[in-house]
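These are the residues of each chain, in order.
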Number of protein chains: 2
Amino acid sequence: MSKETITGLAKRLGISKASVSYALNGQPGVSELTRRRVLDLAEELDWYPSSSARALSRSRAGAVGMVLSADPLLIGTEPHYMAMLAGIETALAEGDMALMLRMVDKGPVQEQSTYERWAGERKVDGVLIFDHLHDDPRPTLLDRLGLPFVLHSAPASAAPASYSGTTTDHAVDAATIVDHLHDRGHRRIAHVSGPHRFVHEEERIRGVRERAARHGLEVVQVETDYALTSGHDAVVTLLRAPEAPVTAMVFGNDLMAMGGLLALRELGLRCPDDVAMVSWDDSLHCRLASPAVTALSRNPGMQGRVAAELLLALLDTGTIQTKPMPHGELVLRSSTATG
Amino acid sequence: MSKETITGLAKRLGISKASVSYALNGQPGVSELTRRRVLDLAEELDWYPSSSARALSRSRAGAVGMVLSADPLLIGTEPHYMAMLAGIETALAEGDMALMLRMVDKGPVQEQSTYERWAGERKVDGVLIFDHLHDDPRPTLLDRLGLPFVLHSAPASAAPASYSGTTTDHAVDAATIVDHLHDRGHRRIAHVSGPHRFVHEEERIRGVRERAARHGLEVVQVETDYALTSGHDAVVTLLRAPEAPVTAMVFGNDLMAMGGLLALRELGLRCPDDVAMVSWDDSLHCRLASPAVTALSRNPGMQGRVAAELLLALLDTGTIQTKPMPHGELVLRSSTATG
DNA sequence: CCTGACTGCTGAACCGGTTCAGCATCCCCT
DNA sequence: AGGGGATGCTGAACCGGTTCAGCAGTCAGG
């Protein structure tokens, strides 16, 4: 039980607190000999400076926060989040920052009051936000609170220069997907997207529509909410429609694609023979499904890592930068194979 | 930007810091009138006391830590972790505690040095540990460090009374699974377990063996490491064995069960006709697989929540308690259906 | 009328670090 | 020999809360 403090160390060594502090932090003002003596003693006692005392005097918490604002069920089943989190944590650990995690289910209000609280208590030095919304209230709020932030994975078209973030060009990804379906001979496709309030969904929708137009493809758009059952229901509705049926479907995430597969099976239809499928997120689900589902692989772990690094840079040096993420790569699987 | 401090509040109200502090914390020593005035002003300015100053003077961090010690790939694909995390976070939020998360991949050494650091810096008030090992060094270490902890999901047989934790009776779960396979007419089964260094795996293995013996079943044990490919490889090995083949397999987690299904498909065998399968963890993977896999549902979210509540109680009142978790329920699916 | 308990409040110490201004030394240069 | 600039160190203030001892004022009981 190390009840040791900096004063204790100083006494043992017969020097002042100040010198110990300088020595520990690699600051000038102490001789190399003294520095060594301090570091050695600290190691020997395995003593670490109290994080709260440090936070208080430096006015820096040494932690960044992240709010996962979603249905716990969705969070639990979406491998995407965990992969992203793992990337983020790795980068933060290297920058010697702790990750403070909060999960809220009652939507944006809870998320925002979490930020207010964190800012007021100075509990985190910055936050990472994602899933950019139309008229997103968060950047304004965070600016007002003076809480630095990085906006992760904002659509390229909506990328604002006034704050740090990673951007994704969904138009390119849309083109990749649509081109593939066109190659495979599809002429009428459905796009089952997530909620339109997400800016990235809008960009995807526009991307799909424009690229499809170029090829002379018809597109049916359906808005849903990323849940497994929504994917299922969307497919049922699509296939019951009076118009000519689509021959391929693009899903906004892997869960909906899985729901779609279930629906197809129920309806006695086969994939890809009757309907081909593509998921906008790749995950183990897509690999394991039968048929395995063609999906856009976007490496959420690496992306999370980059976002975290941007945040560290912002906190360290105040550098505001925007980093475009690499385009997704379409992993071809059976769900879009041609007979 | 609230640069307000407790001194500021005190000045505005013309009273002392001490009174403001008492008022805020619901402590006696101030009149109801004064308390109201303080609380109202705090609300109006939306001011919150600095967490680091508070942590320093109370010597309490207001956060608990958790180290996820596993291959990032495994973490990202195991829905189990996320569900548990969601439950834990919910309980902590209610107890007004923050969750500090760290992910390490280089195994136990990193995990232990994280605890040393956290304890030294007094960055967390307690930690949650899980995946109890044989001769687990962590309880001893944490005791030495004076860091309170809760051991989540320790096997009932190994439950020590000296510290708080949740326990799981794997023998009962093993019986549930074995009974089911016996009912379905299997006489020779395989048990593909996780690493034996986990105490719960040992308890499961013993549980399966004993129950099987009672029914006169033969059991083939295989030790692996929870990875998808390990499940796959185990199945290939099992089915190539010269002895009589098993007709049912029990997998230590959902990923291995998925790997097993893949292997079966490759070998041109059918589930459940040629080999039946059961997973010890339920998850979306089991539901979505084809055939859907019979699995033991254990509600990791609820269990995480209970563990977090134990930790809160321990920190609050020092209460050491052991809570047994409900037995798992076998969700019957096609992978063990009879013709 | 005096005592003692209780209420409401305050000044000051304290938590454990960081950081600034200031003070010796010592060395180099002219 | 003396001025100027590093170098190495220290005392004290400060970060923003909590908490303790103490001090008036009030009020009930003997």
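Not measured: the values here are computed from a predicted model.

(A) Region of interest: the packing of helix 6 (residues 79-94) of chain A against helix 6 (residues 79-94) of chain B. At a minimum axis distance of 10 Å, the contact between helix 6 of chain A and helix 6 of chain B shows a crossing angle of 80°. Comparing the axis directions of helix 6 of chain A and helix 6 of chain B gives the class roughly perpendicular. Together, Tyr81(A), Met82(A) and Leu85(A) of helix 6 of chain A and Tyr81(B), Met82(B) and Leu85(B) of helix 6 of chain B make up the contact between the two elements.

(B) Up close: the packing of aromatic side chains. Across all of its chains, the model carries eight aromatic pairs over all chains by this definition. On the numbers, 5.0 Å between centres and 50° between planes, the contact of Phe149(B) with Tyr163(B) is tilted. Of this pair, Phe149(B) sits in strand 4 (residues 149-155) while Tyr163(B) is found in the loop between strand 4 and strand 5 (165-168), placing the two residues 14 residues apart along the sequence. Residue placement shows Arg197(A) over the ring face of Phe198(A); its charged tip is 4.9 Å from the ring centre.

(C) A look at the protein's contact with DNA strand C. Inspection of the region around DNA strand C gives 28 residues, with Ile6(A), Ser21(A), Tyr22(A), Ser19(B) and Ser31(B) positioned closest. Of all DNA strand C atoms lying within 4 Å of any protein atom, the proportion belonging to sugar or phosphate reaches 57%. Here Ser16(B) contributes a backbone N or O atom positioned 2.8 Å from a phosphate oxygen of DNA strand C. Measuring from a phosphate oxygen of DNA strand C, one finds a backbone N or O atom of Ser31(B) at 2.7 Å. Those elements that provide at least two residues to the surface near DNA strand C are helix 2 (17-24) and helix 4 (51-58) of chain A together with helix 2 (17-24) and helix 4 (51-58) of chain B. For the surface near DNA strand C, the element with the most residues is helix 4 of chain A, which contributes five residues. Residue composition of the surface near DNA strand C, by class: 12 nonpolar, 13 polar and three charged.

(D) Here's a closer look at the interface of chain A and chain B. Tallying the contact residues gives 51 residues for chain A and 52 residues for chain B. Taken together, both faces of the contact between chain A and chain B bury some 4700 Å²; the carbon and sulfur share is 60%. Counting the surface chain A buries against chain B, the share from its top three residues, Tyr48(A), Met82(A) and Leu288(A), is 15%. Between the two partners, chain A and chain B, sit four salt bridges. Between Arg117(B) and Asp96(A) there is a salt bridge, with its nearest N and O atoms 3.3 Å apart. The interface formed by chain A and chain B contains 14 residue pairs in polar contact (both at pLDDT 80 or more). Elements represented by at least two residues in the side of chain A that touches chain B include exactly helix 4, strand 1 (63-69), helix 5 (72-77), helix 6, strand 2 (98-104), helix 7 (108-121), helix 12 (254-266) and helix 13 (284-288) of chain A. Examining the composition of the side of chain A that touches chain B, we find that nine residues originate from one element, helix 6 of chain A, more than from any other.

Calculation rules
- Residues numbered from 1 in each chain as written.
- Chains lettered and ligands numbered in written order.
- Predicted model: local features only at pLDDT ≥ 70, side-chain atom pairs only at ≥ 80, totals over all residues.
- Heavy atoms only, no water.
- Axes fitted to C-alpha atoms, helices over the stretch in contact; angles between N-to-C directions.
- Helix = DSSP H or I, 4+ residues; strand = E, 2+ residues; numbered from the N terminus.
- Parallel < 35°, antiparallel > 145°, perpendicular 65-115°, else oblique.
- Contact = heavy atoms within 4.5 Å.
- Phe/Tyr/Trp six-rings, centres within 6.5 Å; stacked < 30°, edge-to-face > 60°.
- Lys NZ or Arg CZ within 6 Å of the ring centre and 35° of its normal.
- Near = heavy atom within 4 Å.
- Polar contact = N/O pair within 3.5 Å; in protein donor to acceptor, adjacent residues only side chain to side chain.
- Nonpolar A, V, L, I, M, F, W, Y, C, P; charged D, E, K, R; others polar.
- Buried area = accessible area lost by both parts, 1.4 Å probe.
- Salt bridge = Lys/Arg side-chain N within 4 Å of Asp/Glu carboxyl O.

Nothing here speaks to function; it is geometry throughout.
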